[in-house]
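Observations on the three-dimensional arrangement
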Amino acid sequence: MSDLNPNPSQQSSTGRNVVVAIAAIATILALVSAFAWPGWAIRKSDTAVQMTQTQSASPTIAASSLPADASALLNALPATVGSFARQTVTSTQNWAGYKPIEEYTVIYSNGDSAQDVTLVLAQWESSDDATSTYAELRDALDGQVQARGTIKVSNTATGKYVLVTDGDGDPTDTTKSEALWRNDTVVFQATGVYASVNAFYSRFPL
C-alpha cells in the first residue's frame, strides 16, 4: 500500500528541484537576451526612455553594391538593416575638422524616401580621438533624449550611444530624430524620422 502513497517529503523535494531548474533556465535566458541588441549589452541611464524594439522585416528594394575599391570600413557596412537596404555611398567631409582617417555618408531606404535614414560614419586612428569627437558631437545635439547608454562587446565597454528627437514632446513616427554612437574608433550618426531611426540604429550591427 505504501507504493500507492508516495512519501510527502519526497514530493516536496521533487517540487523544489523543478522550481530551481526553471529559475536556472530563466537566468540563462536573461543573460543571453542582454546581448540581443547588435551584440551589445546596454546600460541605460535612469533618465533614459526604454527603446521600442521593432520586428525585423525584409527590404522591398535591393541593396546597392559597394565601390570596387571600398575600404575595410565600408566593407563592414551591412547591405541591409531590418527593412532598410543600403543605397548611395558617398565620401564626405562633414567632420573634416575632427581629422578622421575616412568619412562617408550612406543612405539606407525601405523604398519610401520619406523614411530614408542618412548614416554618416567616420573612423579615427585611435579610440581616444573617436571618443573626443563623439563627446563634442553629443554635446552639440539639440532635442529630447529618448535613450542613452553604454555599448559593450564581450562584457567590455567599447563606446556610448544616445538617441534624441526634435522638440520637447513625445516622439512620433514623423518626428525628426538622430542617433549618435561610438564603437571603438568609429563614430556613427543616423538621422531621419523617429520610426526609421529607432528601428535602424537598434538593429545596426556595428
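Described in the following lines is the structure provided in the data block. Remember, predicted model here, so these are calculated numbers, not experimental data.

Looking now at the pattern of salt bridges. The tally for this structure, following the rule as stated, stands at one salt bridge. For Asp139, the salt bridge is made with Arg138, and the minimal N-O distance between the two is 3.2 Å. Relative accessible area serves as the criterion here: at 35%, Arg138 is assigned to the partly exposed category.

A separate point is the side chain of Ser109. With respect to the element layout, Ser109 can be found in strand S4 (residues 102-109). A polar contact is formed between the side chain of Ser109 and the backbone nitrogen of Gly111, at a distance of 3.0 Å. Not counting the four nearest positions on each side in its chain, Ser109 is found in contact with Ile61, Ser83, Phe84, Ala85, Gln87 and Asp116.

What follows covers helix H4 (residues 194-201). For H4, the tally of buried residues reaches seven of eight residues, placing the bulk of the element in the interior. Here H4 has its buried residues at Tyr194, Ser196, Val197, Asn198, Ala199, Phe200 and Tyr201.

Bringing unusual backbone geometry into the picture now. For residues other than glycine, phi is negative in most cases, and the peptide bonds are mostly trans. Positive phi, close to 55 degrees, is recorded for Lys99, a residue that is not glycine. For Ser154, which is not glycine, the phi dihedral falls at a positive 55 degrees. Positionally, Ser154 belongs in the loop between strand S6 (144-153) and strand S7 (156-165).

What follows covers the packing of aromatic side chains. Working definition: an aromatic ring pair is given by the centre-to-centre distance plus the angle between the planes. Throughout the structure, instances matching the rule amount to nine aromatic pairs. Seen in terms of ring centroids, Tyr108 and Phe200 are 5.0 Å apart; in terms of plane orientation they differ by 55 degrees. Their pairing is tilted. Here the residue Tyr108 occupies a position in strand S4, and Phe200 occupies one in helix H4, the gap between them amounting to 92 residues. Summarising the burial analysis for this pair, Tyr108 and Phe200 share the class buried.

Time to look at the environment of Asp112. Looking at the element boundaries, Asp112 is found in the loop between S4 and strand S5 (117-123). Residue Asp112 is classed as partly exposed on the basis of its relative accessible area of 33%. It is 9.9 Å that separates the C-alpha atoms of Asp112 and Thr60, two residues lying 52 residues apart in sequence. In terms of polar contacts, Asp112 uses its side chain to reach the backbone amide nitrogen of Ala114, at 3.0 Å.

The rules behind the values
Residues numbered from 1 in each chain as written. Predicted model: local features only at pLDDT ≥ 70, side-chain atom pairs only at ≥ 80, totals over all residues. Heavy atoms only, no water. Salt bridge = Lys/Arg side-chain N within 4 Å of Asp/Glu carboxyl O. Buried < 20%, exposed > 50% of the residue type's maximum accessible area, 1.4 Å probe, protein only. Helix = DSSP H or I, 4+ residues; strand = E, 2+ residues; numbered from the N terminus. Polar contact = N/O pair within 3.5 Å; in protein donor to acceptor, adjacent residues only side chain to side chain. Contact = heavy atoms within 4.5 Å. Phe/Tyr/Trp six-rings, centres within 6.5 Å; stacked < 30°, edge-to-face > 60°.

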